[in-house]
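This is what each chain is made of:
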Amino acid sequence: MDDSTKMWVEGAWPRVLQIIMNWWEKLQEPANRGVRAELRRARSADDVALQGPYYALLAKIVAIEDLGMLKNSIPYRLPSVIGVLAHVKANNPDVKVAQAMGAKKKGSDQARVSDLRFRRILRLEEGDELYTTMIRVVRMLDDTVNVADLASSIFFWNEKTRKRWASQYYLQRNIFED
């Protein structure tokens, strides 16, 4: 069992994800426009990690007992997650992010994210390039994505996530049709 699977099995991630979801919902309130704007201006995950809203969320998460192996990953992965989520305006819980990327544009036979661009995304490693690319993906999806799926995918960006995204993207596109 790899480390990311252990984090899921231990049950800590669902609790962390619920805190992130609650934070994102609160971020959408009109009173938090300034916070949202501040996070959107961040050019990198490191910029996010230098802002107060990040530490407010981090404090809530590290207060969870029994984080297990997840505890060491949170300070490094959470800034990317919340920085990208600040760009999401609406949650679409019924459609996984990769499925939405493979869905056809309205009035077109083309996918919302081209096959070439999608393959480039799958080759990305963690870091600033993943951060900026995921923000572009959110924009390409009209700022509406499955918030929980996006947060989990960014936090656990690894080979397993890439394979899951590939299957969701290509099956959505029905590439096996004649």
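The residue count restarts for each chain, going from 1 along the sequence in the order it is written. In keeping with the predicted nature of the model, local features appear solely for residues at pLDDT of at least 70, side-chain atom pairs appear and are counted solely at 80 or more, and the whole-chain, interface and lining totals rest on all residues. To get the side-chain values, all heavy atoms of the structure are used, and hydrogens and water are removed first.

Student: Run through the packing of helix H8 (residues 115-123) against helix H11 (residues 159-172), naming residues and quoting values.
Tutor: Axis lines are fitted to C-alpha atoms, over the contacting stretch for helices. Their N-to-C directions set the angle, which ranges from 0 to 180 degrees. Put simply, DSSP marks the helices as runs of H or I at least four residues long and the strands as runs of E at least two long, and each gets a number from the N terminus on. Contact pair H8 / H11: the axes reach a minimum separation of 10 Å and the direction vectors enclose 165°. What the angle tells us is that H8 and H11 run roughly antiparallel. Remark: the crossing between H8 and H11 carries right-handed chirality. Residues Asp115, Phe118, Arg119, Ile121 and Leu122 of H8 form the contact with H11, whose own contacting residues are Arg162, Trp165, Ala166, Tyr169 and Tyr170. Note on angle classes: values under 35 degrees are labelled roughly parallel, values over 145 roughly antiparallel, values of 65 to 115 roughly perpendicular, and the remainder oblique. Left-handed describes a crossing whose near helix is turned anticlockwise from the far helix through less than a right angle; right-handed describes the clockwise counterpart. Two residues form a contact once any of their heavy atoms are found within 4.5 Å.

Student: I'd love a proper account of a positive patch on the surface, names of residues and values included.
Tutor: Only residues above 30% relative accessible area that lack a salt bridge enter a patch, with like-charged residues linked at up to 9 Å and the nonpolar side chains Val, Leu, Ile, Met, Phe, Trp and Tyr linked at up to 5 Å. Per-residue accessibility takes into account occlusion by the displayed protein chains alone, with areas from the Shrake-Rupley method and a 1.4 Å probe. Each salt bridge in this description consists of a side-chain nitrogen of Lys or Arg and a carboxyl oxygen of Asp or Glu lying within 4 Å of one another. We score Asp and Glu as negative and Lys and Arg as positive, and we do not count His or the chain ends. Every charge is mapped onto a representative atom, which is NZ of Lys, CZ of Arg, CG of Asp or CD of Glu. On the surface, Arg117, Arg120, Arg123, Arg136 and Arg139 cluster together to form a positively charged patch. Considering every element that reaches the positive patch, the biggest residue donor is H8, with three residues. Along the chain, Arg123 turns up in helix H8. Burial here depends on accessible area, computed with a 1.4 Å probe over protein chains only, as a share of the maximum for the residue type. Under 20% is buried, over 50% is exposed, and the range in between is partly exposed. A relative accessible area of 57% places Arg123 in the exposed class.

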